[in-house]
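Structural characterization, general
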Amino acid sequence: MEIERKFTVKKIPDELGQYTCRIIEQAYLNTDPVVRIRRQDDEYYLTYKGKGFMSREEYNLPLNETSYYHLREKADGNVISKRRYVIPITDPTFASDYISDIDQISLSVELDIFEPPLAPLIIAEVEFPSEDAALAFQPLDWFDQDVTDDPAYHNSNLSRQIF
């Protein structure tokens with residue numbers, strides 16, 4: 001189960017270079033249900049995503065490079081390219097209210113900076129261990145609009161935009 005919230009961004013955090021950055025390319029073989037292929041650095045996956053917004057089923061299967069590129073030729077819509085910065089958040093108070101058996105929870109913002117044709121789009125995603133934790137989360141100061149429930153911000157829908 002994937003539980004996440006998505007936000008547009010008012011301001012990119014300073015010094016992004018200090019955070020882990022992943023180069024991601026993904027394409028959609030189908031958008032209903034969502035069947036996606038992804039290259040993340042040197043790793044390749046086939047992903048099935050169930051219906052939903054904040055919470056939905058997600059299954060990842062490993063692919064090899066040859067299979068990835070073979071399937072990419074069969075993709076519908078645009079291939080999405082983005083840089084993903086992983087920015088840690090630690091909030092012990094939040095954790096004690098929503099997570100049992102640990103003193104703190106470490107959350108991360110996955111800041112996606114899209115390449116053309118989707119540039120200048122920037123989306124921040126935060127994944128959670130529970131729906132209660134997700135609902136209790138207070139957006140960071142540099143987050144803007146909560147777009148969790150807006151289907152226009154699903155990557156599968158972004159891949160279908162005409163430019």
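Keep in mind that what you see is a predicted model, and the values were worked out from it rather than measured.

Here we take up the pattern of salt bridges. For the structure shown, the criterion picks out 14 salt bridges. With a closest N to O distance of 3.3 Å, Glu-2 and Lys-49 form a salt bridge. Residue Glu-2 is found in strand 1 (residues 2–9), and its partner Lys-49 is found in strand 4 (residues 43–49); the two are separated by 47 residues along the sequence. Given a relative accessible area of 7%, Glu-2 falls into the buried group. Among the residues examined, Lys-49 registers a relative accessible area of 8% and is labelled buried. As a salt-bridge pair, Arg-83 and Glu-115 come within 3.1 Å of each other at their nearest N and O atoms. Of this pair, Arg-83 sits in strand 7 (residues 76–90) while Glu-115 sits in the loop between strand 8 (106–114) and strand 9 (122–127); the two residues are 32 residues apart in sequence, bridging distant segments of the chain. In this structure Arg-83 comes out as partly exposed when scored by relative accessible area, which is 28%.

Here the focus is the confidence of the model for the chain. Residues with a pLDDT of 70 or more make up 90% of the chain, whose mean pLDDT is 90. Looking across the chain, the model is least confident in helix 2 (residues 92–98), with a mean pLDDT of 49, and most confident in helix 1 (residues 65–72), with 98. For residues 98–104, every residue scores under 50 in pLDDT, and the model assigns this stretch 10 contacts once sequence neighbours within four places are set aside.

Let us look at the environment of Gly-50. Mapped onto the elements, Gly-50 comes out in the loop between strand 4 and strand 5 (55–56). Using a relative accessible area of 11% as the deciding quantity, one classes Gly-50 as buried. Taking C-alpha positions, Gly-50 is 9.2 Å from Met-1, a pair spaced 49 residues apart along the chain.

Rules used throughout
Residues numbered from 1 in each chain as written. Predicted model: local features only at pLDDT ≥ 70, side-chain atom pairs only at ≥ 80, totals over all residues. Heavy atoms only, no water. Salt bridge = Lys/Arg side-chain N within 4 Å of Asp/Glu carboxyl O. Helix = DSSP H or I, 4+ residues; strand = E, 2+ residues; numbered from the N terminus. Buried < 20%, exposed > 50% of the residue type's maximum accessible area, 1.4 Å probe, protein only. pLDDT = per-residue confidence, 0-100. Contact = heavy atoms within 4.5 Å.

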